[in-house]
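Observations on the model geometry
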Amino acid sequence: MSLHLCNPTTFSSLPLPVSASLLSLTTTPVTNYSASVPAIYRLTAPAIAYTNLSFCNITLTYTHPGQNDSIIIETWLPAASSSSNLTTNPTNHWNSRLLAVGGGGYQAGRFDLSYAGMQGGLGEGYATITTDAGLGSDTTARRWALLSEGNVNLYNLLNLGSASLGDMGLIGKEIIKAFYGKGPEYSYFNGCSQGGRQGMVLAQRFPGLFDGIVAGAPAVYWSEAMGGFQWPQVVMNEGGEWPFGCEVDAIGEEATKQCDELDGMVDGIVQEVEGCLRVFDPFGMVGREVECAQLGGRVITITEAAAAVVNKTWHGRERVDGRKVWYGLVPGSDLTVNGSGIVATNCTEEGCVGRANPLGKDWFELFVEKSSTADVSNMTHRELDRYVKATKQDFGSLLETDDTDLAEFKRQGGKLISWHGLIDQLLSPKATERYYQDVSAIVSETKEFYRHYEVPGLEHCFGGPSGNPLELLGQLRAWVEQGIAPEASPVNVTRLDGTTEARVVCPYPQKAKFDASCIGGACWTCEDAIRPPL
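This structure is a prediction, so every number in the text was calculated from the model and none was measured.

This next bit is on the side chain of threonine 131. Relative to the assigned elements, threonine 131 resides in strand β5 (residues 127-131). The class for threonine 131 is buried, based on a relative accessible area of 1%. Polar contacts involving the side chain of threonine 131 include one to the main-chain amide nitrogen of alanine 133, which spans 3.1 Å. Sequence-distant contacts of threonine 131, that is, excluding residues within four places in its chain, are made with Ile71, Ile72, Ile73, Ala108, Gly109, Arg110, Ser164 and Met168.

This is the structure in structure tokens:
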């Protein structure tokens, strides 16, 4: 398709959902476009680089009348300029498919990671799309959370939660139809974290809109995720002690050493998480000396407070009455993340104070306290229980993504792949495992339409000794278009000696096992594993 159609006239009769009203539409022909996208930013597809690509950028702004919102959808359509050589640059061809990309944190889309995902899709010939849900590109919710002190902007939350996603799919397909003269043959969604949650929303609330969805580290249980972000800070507040990050790190490093070989392979990766929780006691580290980076390398001893917060973080949030209510992060995950993790503290020579993760802190201050000046840094255990309950009561219908009845998604032929790094430092991988178990309990033959992958050694969306599962998007496409269900999926793992090894991750409940007798070739295979109900 030629770029001469990249003008507003082409889209002058664009139909919108009945709930939407057009505010503006701009078209920008782009030629000689070059990009190089690292694999980690594509999440589930390999790195890509290209030059001399042409496309049409359609930026559409609309509102839901009466809601005072302004939502931007940005669509990139592969096209040929008058000087393009379609033979030498086949990416100027549209592959007849739509690829929507998700957001992260409080950003619905139209930010750096979304654009990286779009660049990758464009290089493979996809028409690709993102929405900002009317929230802009702010990394926090402080600009858009409140209408006024005491009054949450519920329409903005509705747009973040689900409404903008349905709009994106519907409007995106109409934009494609207006430009190419036909709609996409297949439509896909790819996202992680907030983007993973968005993918789950599309399967749950808009079955039939997308043929295939890849959802990484999804914040499925929103209320519990917010509680999990704040839980370690509450543990430290209740104990009245805030350990140095070096203490927490030392406990985590020792856990990895002691639990590494539980899976039969010494590689710096904890795969047998439950086994590690059984055999490693963080309190056994109390009194051990450690060089502390926060104190310029001075040697200090690990405190009981450090062991306590690590133990509580691993085992998950519990109520004031002692009843466990949610899952924790797992041994091997980075709890401090150089001062930005959920067990982070701010320290001086005199000692430390808590440093809450901004995702949870902003949520409880802006949406539960409904105040731009609230400070929950000193939150108590009882207050956290109340805040999580209030989140469910006040905002559950807007943001929770835990509907396990995917029967309609299955009936309409949709295919879903979720994946989660086992050393995710923000969201517990047990939550996604729980979701898959619950779907399997109520929808028959779950494997026919939904598969879940755990990735040992992978952090939140990317990072850690394991690389991303870079073939999952391609495997999803084969599942949707050819009926080839995904089985083992390749990953590259960086070993302790710095070399890279080809391994696999497996569809749940299977686990990857190493064949010690293997000489070259595929030494990792998927084997059945017993997974107790969570």
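When the terminal C-alpha atoms of helix α2 (residues 112-123) are compared, their 17 Å separation across twelve residues agrees well with the 16 Å that a helix rising 1.5 Å per residue should span. Listed in full, the buried residues belonging to α2 are Ser114, Ala116, Gly117, Met118, Gln119, Gly120, Gly121, Leu122 and Gly123. Elements in contact with the buried residues of α2: β1 (21-37), α1 (39-42), β2 (48-63), β3 (71-78), β4 (97-101) and β5. The first or second residue beyond α2 is glycine 125, which carries a positive phi of 95 degrees.

A few words now on the confidence of the model for the protein. Of the residues in the protein, 97% have a pLDDT of 70 or more, and the chain-wide mean is 95. Here residues 82-88 is modelled with pLDDT under 50, and outside its nearest four sequence neighbours on either side it reaches five contacts, counting other chains as well.

A word on the pattern of salt bridges. Counted according to the given criterion, the structure contains 31 salt bridges. Salt-bridge contacts for glutamate 318 lead to lysine 312; the nearest nitrogen and oxygen are separated by 2.8 Å. For arginine 531, the salt bridge is made with glutamate 433, and the minimal N-O distance between the two is 3.7 Å. One end of the pair, arginine 531, is in the segment after β19 (524-527); the other, glutamate 433, is in helix α12 (residues 429-442), and 98 residues separate them in sequence. Accessibility classification places arginine 531 together with glutamate 433 in one group, the buried group. Three or more residues are tied together by salt bridges with common partners; here these are Arg142, Lys361, Asp362, Glu365 and Asp375.

This part covers the packing of helix α5 (residues 222-239) against helix α9 (residues 358-368). It is at 8 Å that the axes of α5 and α9 come closest, and there the two elements cross at 115 degrees. Regarding the angle of α5 to α9, the classification is roughly perpendicular. You can see that α5 and α9 cross each other, and the crossing is left-handed. Contacts between α5 and α9 involve Trp222, Met226, Gly227, Phe229 and Gln230 on the former and, on the latter, Leu359, Gly360, Lys361, Trp363 and Phe364. By residue class, the composition of the contact of α5 with α9 is six nonpolar, three polar and one charged.

This brings us to the packing of aromatic side chains. On inspection of all chains with the given rule, the structure shows 27 aromatic pairs. Between tyrosine 33 and tyrosine 50, the aromatic rings sit 6.4 Å apart at their centres with planes inclined by 40 degrees, giving tilted as the arrangement. In this pair, tyrosine 33 is assigned in strand β1 and tyrosine 50 in strand β2, connecting sequence segments 17 residues apart. A relative accessible area of 19% places tyrosine 33 in the buried class. Here the aromatic rings of phenylalanine 55 and tryptophan 76 are separated by 5.0 Å at their centres, their planes lie at 35 degrees, and the arrangement is tilted. You can see phenylalanine 55 sitting in strand β2 and its partner tryptophan 76 sitting in strand β3, a full 21 residues away along the chain. Here phenylalanine 55 and tryptophan 76 have matching classes, each one buried. If you follow lysine 415 out to its NZ or CZ, it ends over the ring of tryptophan 479, 5.8 Å from the centre. When the ring centre of tryptophan 479 is taken as reference, the NZ or CZ atom of arginine 451 above it lies at 5.7 Å.

So, how was this worked out
Residues numbered from 1 in each chain as written. Predicted model: local features only at pLDDT ≥ 70, side-chain atom pairs only at ≥ 80, totals over all residues. Heavy atoms only, no water. Helix = DSSP H or I, 4+ residues; strand = E, 2+ residues; numbered from the N terminus. Buried < 20%, exposed > 50% of the residue type's maximum accessible area, 1.4 Å probe, protein only. Polar contact = N/O pair within 3.5 Å; in protein donor to acceptor, adjacent residues only side chain to side chain. Contact = heavy atoms within 4.5 Å. Expected span 1.5 Å × (residues − 1). pLDDT = per-residue confidence, 0-100. Salt bridge = Lys/Arg side-chain N within 4 Å of Asp/Glu carboxyl O. Axes fitted to C-alpha atoms, helices over the stretch in contact; angles between N-to-C directions. Parallel < 35°, antiparallel > 145°, perpendicular 65-115°, else oblique. Left-handed = near helix turned anticlockwise from the far one by under 90°. Nonpolar A, V, L, I, M, F, W, Y, C, P; charged D, E, K, R; others polar. Phe/Tyr/Trp six-rings, centres within 6.5 Å; stacked < 30°, edge-to-face > 60°. Lys NZ or Arg CZ within 6 Å of the ring centre and 35° of its normal.

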